[in-house]
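The primary structure of each chain is shown beneath.
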Amino acid sequence: MQITVLAGGVGGARFVRGLLSHLRTRDDAEQTSVTVVGNTGDDITLVGLRVCPDLDTLLYTLGDGVDEGQGWGRAQESTRVAGELATLGVGPDWFTLGDLDLATHLARSRWLAQGLTLSEVTARLAQRWGLPDRGVRLLPATDTPIETHVVVDDGEGGERAIHFQEWWVRHGASLPARRFTVAGLGEAKAAPHVLDALRTADVVLFPPSNPVVSIGIILGVPGVREALRGTRAPVVGVSPLLGGRPVRGHADACLAPLGVEVSAAGVAGLYADFLDGWLVDDADAGLRYPAGAQVRSMDLLMRDTEGAARLAGAALDLGRELSPVGAGTRGPR
Ligand SMILES: O=c1nc2n(C[C@H](O)[C@H](O)[C@H](O)CO)c3cc(O)ccc3cc-2c(=O)[nH]1
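Residues numbered from 1 in each chain as written. Predicted model: local features only at pLDDT ≥ 70, side-chain atom pairs only at ≥ 80, totals over all residues. Heavy atoms only, no water.

- The name that an unreviewed UniProt entry assigns to the protein is Lactyl (2) diphospho-(5')guanosine transferase, with the source organism given as Serinicoccus hydrothermalis.

### A closer look at the overall build of the protein
Move 1: When its secondary structure is counted, the protein shows twelve helices and 14 strands.
Move 2: Over its C-alpha trace the protein gives a radius of gyration of 19 Å, about what one expects of a compact globule, namely 20 Å for 333 residues.
Move 3: Reported as C-alpha extents along the three principal axes, the dimensions of the protein are approximately 60 × 50 × 40 Å.
Move 4: Counting only residues that meet the buried cut, the protein has 52% of its 333 residues in that class.
Move 5: In the protein, of all internal contacts separated by at least 6 residues, the share reaching a separation of at least 24 is 70%.
Move 6: Surface summary for the protein: the accessible area is close to 14300 Å², and the carbon and sulfur share equals 50%.
Move 7: Across the protein, the mean location of the 31 positive side-chain charges is 3 Å away from that of the 40 negative side-chain charges. (Helix = DSSP H or I, 4+ residues; strand = E, 2+ residues; numbered from the N terminus. Rg over C-alpha atoms; globule rule 2.2 N^0.38 Å. Buried < 20%, exposed > 50% of the residue type's maximum accessible area, 1.4 Å probe, protein only. Contact = heavy atoms within 4.5 Å. Areas by Shrake-Rupley, 256 points an atom, 1.4 Å probe, with all protein chains shown as cover. Lys, Arg positive; Asp, Glu negative; His and termini not counted. Charge placed at Lys NZ, Arg CZ, Asp CG, Glu CD.)

### Some thoughts on the environment of Asp-28
Move 1: Mapped onto the secondary structure, Asp-28 falls in the loop between helix H1 (10–24) and strand E2 (33–38).
Move 2: Separated by 27 residues in the primary sequence, Asp-28 and Met-1 place their C-alpha atoms 7.9 Å from one another.

### Some words on the packing of helix H4 (residues 99–113) against helix H5 (residues 118–128)
Helix packing geometry: the angle between the two helix axes and the distance between the axes.
Move 1: Direction vectors running N to C along H4 and H5 enclose 140 degrees, while the axes themselves pass 9 Å from each other. As summarised for this structure, H4 and H5 are arranged oblique, according to the angle between their axes. By crossing handedness, the relation of H4 to H5 is classed as right-handed. Between H4, through Thr-104, Arg-108, Trp-111 and Leu-112, and H5, the contact on the second element is made entirely by Leu-118, Val-121, Arg-124 and Leu-125. (Axes fitted to C-alpha atoms, helices over the stretch in contact; angles between N-to-C directions. Parallel < 35°, antiparallel > 145°, perpendicular 65-115°, else oblique. Left-handed = near helix turned anticlockwise from the far one by under 90°.)

### Observations regarding a nonpolar patch on the surface
Move 1: Residues Val-47, Leu-88 and Val-90 make up a contiguous nonpolar surface patch of about 240 Å² in total accessible area.
Move 2: Mapped onto the secondary structure, Leu-88 falls in helix H3 (residues 80–88).
Move 3: For Leu-88, a relative accessible area of 57% translates into the label exposed. (Patch = residues over 30% accessible without salt bridge, like charges linked within 9 Å, V, L, I, M, F, W, Y side chains within 5 Å. Salt bridge = Lys/Arg side-chain N within 4 Å of Asp/Glu carboxyl O.)

### Quick word on the site of the ligand
Move 1: The environment of the ligand is made up of Asp-42, Pro-53, Asp-54, Trp-72, Trp-94, Phe-95, Thr-96, Leu-97, Asp-101, Gln-165, Trp-168 and Val-169.
Move 2: A distance of 3.0 Å separates an oxygen atom of the ligand from a polar atom in the side chain of Asp-54.
Move 3: Between an oxygen atom of the ligand and a side-chain N or O atom of Gln-165, the distance comes to 2.6 Å.
Move 4: Relative to its unbound accessible area of 530 Å², the ligand is 85% covered by the protein chains.
Move 5: Secondary structure elements with two or more residues in the shell around the ligand: helix H2 (53–62) and helix H6 (164–170).
Move 6: Sorting elements by how many residues they give to the shell around the ligand places H6 first, with three residues.
Move 7: A class-by-class count of the residues in the shell around the ligand yields seven nonpolar, two polar and three charged. (Near = heavy atom within 4 Å. Polar contact = N/O pair within 3.5 Å; in protein donor to acceptor, adjacent residues only side chain to side chain. Nonpolar A, V, L, I, M, F, W, Y, C, P; charged D, E, K, R; others polar.)

Structure, rendered in structure tokens:
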């Protein structure tokens, strides 16, 4: 079985870790491969280094090296270099790069400067973190450098665009966003294997990642949405909102500027053109959902890896139910 997952950072990484844990309990584990397509809109260049937060969160989480408390960054990390940079007045003081994490950014930036693509760099890092041995292929959504920007009020009746990380980390998403723009997205090409992984999957899963600044960015890469509309695989998503609130992150602050209802139903509407199955929390079972997707409710909270495994198993079960005679047998939509 081939499973393709579109993922943002912490929520996506924890869901995939749960998926791997669930797959280990199944008889067909040996014949199953997982392709994860990661968001690159969060990427940023800091102190001359290319930082890819969502890809790194996936690498560290799936490679058992993540700081569990934060959900991002390396476990047992120190920040001596960041402290020295601050003393030198270099770099933003609102974004901290850990010492071990810096090695990732140094290696990535060096390999990119040598002419490797982000896909090739990510494959090297994935090897370092043992992802292929765990049956996981990690792909950036695109090799084209893209960056999400947030348009906010400039305080003088006009507007200004700031990098997504400045809005998210420095301001805690508290500045009302007028809209999101993605530099480079228009000219971006899906990275190698991304479109094929969607077209040839047996099931496509959407973890409870941010629908606007994580999944939404991947969907904006030319060809991705069309591949999802055309795939014969069931597409099953997990709502990132429980009772109208995100478990972590700021999905609510991202949906408001789009004029989308901040609810599991509102998010389902963003995926309505390709979604086959939608897992929502029991608290949201009574909402009115767009026609087309089968909705199932359960306790959606991923308290630990076991909880994430339960969720991933339910998403796979729903996918199987929607493709009763085997994936690849339904006509394209
Ligand atoms: O809240 C923070 N998040 C930090 N994050 C998390 C990240 O900014 C966001 O949570 C994601 O981009 C949103 O998915 C980092 C992620 C990295 O891979 C590397 C460094 C950082 C540093 C910070 C930070 O200083 N503060």
